[in-house]
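# Reading the structure
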Amino acid sequence: MPVDLILASSSAIRAELLRNAGLGIETLPARIDEEAIRASFAAEGMDARDVADALAEAKAAKISAKRPGMLVLGCDQVLEHRGAVIGKPETPEAAADQLSRLRGDRHTLLSAAVVYRDGEPLWRHVGVARLEMRAFSEAYAADYLARNWDSIRHSVGGYKLEEEGVRLFSRIEGDHFTILGLPLMELLAWLTLRGDIAG
């Protein structure tokens, strides 16, 4: 299958979503220092939407420089809760703390996608979803983390909605693909409009 675009990410779920939609993709993860970039943005007072967009752009730009002529998709997802940007938990203890903070409250997921070609941005979109966690027990949270840590360790907020993490929630508002980390419908519409994929 010919390559329609390069995914500048190691995310298995994003690659699966794109392949399931019939796109030919190549994955080429961009190595950037996300924590340093996040810290810099926080110091500048950038909001969660800008952070997600800038991280997605940094990934697309880095790989675009290496692959001239190709469409390169950079993505990033951030979680915003009461004005704070929450990242991926590095330890089970950090995940437990995140779930404790989010439990019984609402938070927002922002999934940014930026497409580059030849070092220039061509398209960008930030999908927004709002989620409300139920007031689950501490015992359930501990058991959940023990069962799922290997799977959720690379997910913002310490959960994957496509797995057991769905049981943590009482309400979800927003596009399913955005929640999984990729505003897929908007990306496909843009690629179709341009004629990059058949429509």
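Keep in mind the model is a prediction, meaning the values are calculated, not measured. (Residues numbered from 1 in each chain as written. Predicted model: local features only at pLDDT ≥ 70, side-chain atom pairs only at ≥ 80, totals over all residues. Heavy atoms only, no water.)

### What about unusual backbone geometry?
A positive phi angle, close to 50 degrees, is found at Arg82, a residue other than glycine. Inspection of the secondary structure puts Arg82 in the loop between β3 (72-81) and β4 (84-86). The exposed category is assigned to Arg82, whose relative accessible area is 68%. Positive phi, normally seen in glycine, also occurs at Asp118, with a value near 50 degrees. With respect to the secondary-structure elements, Asp118 resides in the loop between β5 (106-117) and β6 (120-133). (Helix = DSSP H or I, 4+ residues; strand = E, 2+ residues; numbered from the N terminus. Buried < 20%, exposed > 50% of the residue type's maximum accessible area, 1.4 Å probe, protein only.)

### Some thoughts on the pattern of salt bridges
Scanning all chains against the criterion turns up 14 salt bridges. Measuring nitrogen to oxygen at the nearest pair gives 2.8 Å for the salt bridge that ties Glu26 to Arg67. Taken as a pair, Glu26 in strand β2 (residues 25-27) and Arg67 in the loop between α3 (48-64) and β3 lie far apart in primary sequence, 41 residues in all. With relative accessibility at 27%, the residue Glu26 sits in the partly exposed group. Assessed through its relative accessible area of 25%, Arg67 is described here as partly exposed. Across the salt bridge formed by Asp105 and Arg82, the nearest N and O atoms sit 2.6 Å from each other. With Asp105 in the loop between α4 (92-102) and β5 and Arg82 in the loop between β3 and β4, this pair connects stretches of sequence that are 23 residues apart. Each of Arg106, Glu132, Arg171 and Glu173 takes part in one network of salt bridges that share partners. (Salt bridge = Lys/Arg side-chain N within 4 Å of Asp/Glu carboxyl O.)

### Considerations on the UniProt feature "active site" (unreviewed entry) in the protein
According to UniProt, the "active site" (unreviewed entry) feature falls on Asp76. Here Asp76 is to be found in strand β3. Residues in contact with Asp76, not counting those within four places in the same chain, are Arg14, Glu34, Arg38, Ala52, Leu55, Ala56, Lys59, Leu110, Ser111 and Ala112. (UniProt positions renumbered as here; feature names shortened; annotations may be inferred. Contact = heavy atoms within 4.5 Å.)

### What to know about the packing of helix α2 (residues 34-43) against α3
Where α2 contacts α3, the two axes come as close as 11 Å, and the packing angle between them is 140 degrees. With respect to their mutual orientation, α2 and α3 come out oblique. Relative to α3, α2 is oriented so that their crossing is right-handed. In this structure, α2 contributes Glu34, Ile37, Arg38 and Phe41 to the contact, and α3 contributes Val51, Ala54, Leu55, Ala58 and Lys59. Class assignment for the residues of the contact of α2 with α3 results in six nonpolar, no polar and three charged. (Axes fitted to C-alpha atoms, helices over the stretch in contact; angles between N-to-C directions. Parallel < 35°, antiparallel > 145°, perpendicular 65-115°, else oblique. Left-handed = near helix turned anticlockwise from the far one by under 90°. Nonpolar A, V, L, I, M, F, W, Y, C, P; charged D, E, K, R; others polar.)

### Here we look at the pairing of β3
Counting buried residues in β3 gives nine out of ten residues, a clear majority hidden from the surface. Strand direction decides the pairing type here: strand β1 (residues 5-7) and β3, joined by two bridges, are parallel. Across the sheet, Ile6 pairs through a bridge with Val72, a residue of β3. Taken together, the nine bridges between β3 and β5 define a ladder with antiparallel strand orientation. Its bridge partner being in β5, Val72 is matched across the sheet by Tyr116. The sheet contact formed by β3 and β4 spans three bridges and is antiparallel. Bridge pairing links His81 to Ala84 in β4. In this structure, the hairpin formed by β3 and β4 is closed by a connection of two residues, where Arg82 is found at a positive phi of approximately 50 degrees. (Pairing = 2+ DSSP bridges.)

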